[in-house]
Amino acid sequence: MSDLVKWGRLALPVLVLCALPFYLDAFWLRIGLFAMAAAIGAVGLNLLAGTAGQLSLGHAFFLAVGAYGYAWLAGEPGPGLPTALALVLAVLLAGAAGGLFSPVAGRVRGIYLGVATLALVFLGHHVLLTADSVTGGFNGRSVPPLSLGGFTFADGDPDVVLMGVPFGAEERLWYLGLALFALTWFTARGMLRGRPGRALVALRDSETAAAVMGVDVARHRSAAFVVSSMYAGLAGALLALGFRRIVPDYFGLALSVDYLAMIVIGGLGSVAGATAGAVFVTALPLLMTRYADHLPLVAAPGSDGGAVGPTEAARYLYGAAIVLVLLYAPDGLRGLAARLRVRLRRRPALAPPATAVRAKEHTP
């Protein structure tokens, strides 16, 4: 019976997510797509920072490797490979980039590793601006749509119509993002629950104790960096498919800070926490942009004056959320949800029923 309840809890959100494209318009589907892409990258960073305890400020670099790797491998100019093969190779390319940096990650830790990874962002941004033949330079380059078995994840001619709903690019990419996110979810949870996850947790708690228990410290730290880079590459490729055109300025330091905010707000060391933080940080600026006219102290995009724009206001809000989380909920949204479930499961103890029988008195 418990297995049935477990599978029911899993099947219900899956069914809801699969049904959403039939009811939501393109704006909400794009928010969901970007949130799923961000969740994939946040899960990878959480494996590195939350589980292995390695600070990284260079996550945007590996996102750019995945995005531009796919666009170049599948497009023109470029090899013009089949798009499915280009997607796989882009993920492997991001992992190879992480592998090249892994000797540094295996020997440096703490703030020094953060500074070293920060250099990757500035170096990568310079390469993206100057390598015009690959990246398109400042103006970026268009992204070829993904095609699997003759089915293209873009606006088709004619459109696919299911239950009276035309399936354009957003609807198709929604299911692609959902499939890639499910793959990320199950592989990351399996990794955390297995021996690699236990080794990384031991490494985070104490390198000396982990080494005494037989954990190869340098190898596991390097492996965590490579796996995190591959997740980032997959997220970057999915973002590129969603944007349809990528530019270098998007993959800057601000993007790396956004991903750090995701895992801190959601909860370090948790796949579900990284997902919740990614949804919060991704959706907030988009929602504030759409409803800027109805929000106090927030100016609509492109308006004149010194008012705060929706993007800046969103950064202020989740910056304040980080401060509140660090002060009052160090385990993030995941910890808050766990404590809420515990409180809801508790039931007040029932007072014993009053007895109607009078206690018998002892005769002297």
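Up top is the structure these notes are about.
As the structure is a prediction and not an experimental result, all values here were calculated from the model.

Engineer: So what about a nonpolar patch on the surface? Which residues, and what values?
Structural biologist: Together, Val323, Leu324, Leu327 and Tyr328 make up an exposed nonpolar region whose accessible area comes to about 460 Å². Topologically, Leu324 is positioned in helix H13 (residues 310-328). On the accessibility criterion, Leu324 (49% relative accessible area) is partly exposed.

Engineer: An account of unusual backbone geometry is requested, with residue identities and associated values reported.
Structural biologist: Generally, phi is negative for residues other than glycine and the peptide bonds are trans, each holding for most cases. Of note, the bond from Glu76 into Pro77 is cis; its omega dihedral lies within 30 degrees of zero at 0 degrees. Within the secondary structure layout, Pro77 lies in the loop between helix H3 (59-74) and helix H4 (83-107). Its identity as a non-glycine residue notwithstanding, Arg244 has a phi of 70 degrees, on the positive side. Relative to the elements of secondary structure, Arg244 occurs in the loop between helix H10 (217-243) and strand S6 (245-246).

Engineer: Residues and numbers for the environment of Ile265, please.
Structural biologist: With respect to the helices and strands, Ile265 occurs in helix H11 (residues 253-266). Counting along the chain gives 11 residues from Ile265 to Ala276, while the straight-line C-alpha distance between them is 8.2 Å. Sequence-distant contacts of Ile265, defined by excluding residues within four places in its chain, comprise Phe280, Val281, Tyr318, Ala321, Ile322, Val325, Gly332 and Leu333.

Engineer: Lay out the environment of Met36 in plain terms, naming residues and giving numbers.
Structural biologist: For Met36, the location among the structural elements is in helix H2 (residues 26-51). You can call Met36 buried: its relative accessible area is 9%. In this structure the C-alpha to C-alpha distance between Met36 and Ala179, which are 143 residues apart in sequence, comes to 9.8 Å. The contact partners of Met36, leaving out residues within four places of it in the chain, are Trp174, Gly177, Leu178 and Phe181.

Conventions adopted
- Residues numbered from 1 in each chain as written.
- Predicted model: local features only at pLDDT ≥ 70, side-chain atom pairs only at ≥ 80, totals over all residues.
- Heavy atoms only, no water.
- Patch = residues over 30% accessible without salt bridge, like charges linked within 9 Å, V, L, I, M, F, W, Y side chains within 5 Å.
- Areas by Shrake-Rupley, 256 points an atom, 1.4 Å probe, with all protein chains shown as cover.
- Salt bridge = Lys/Arg side-chain N within 4 Å of Asp/Glu carboxyl O.
- Helix = DSSP H or I, 4+ residues; strand = E, 2+ residues; numbered from the N terminus.
- Buried < 20%, exposed > 50% of the residue type's maximum accessible area, 1.4 Å probe, protein only.
- Contact = heavy atoms within 4.5 Å.

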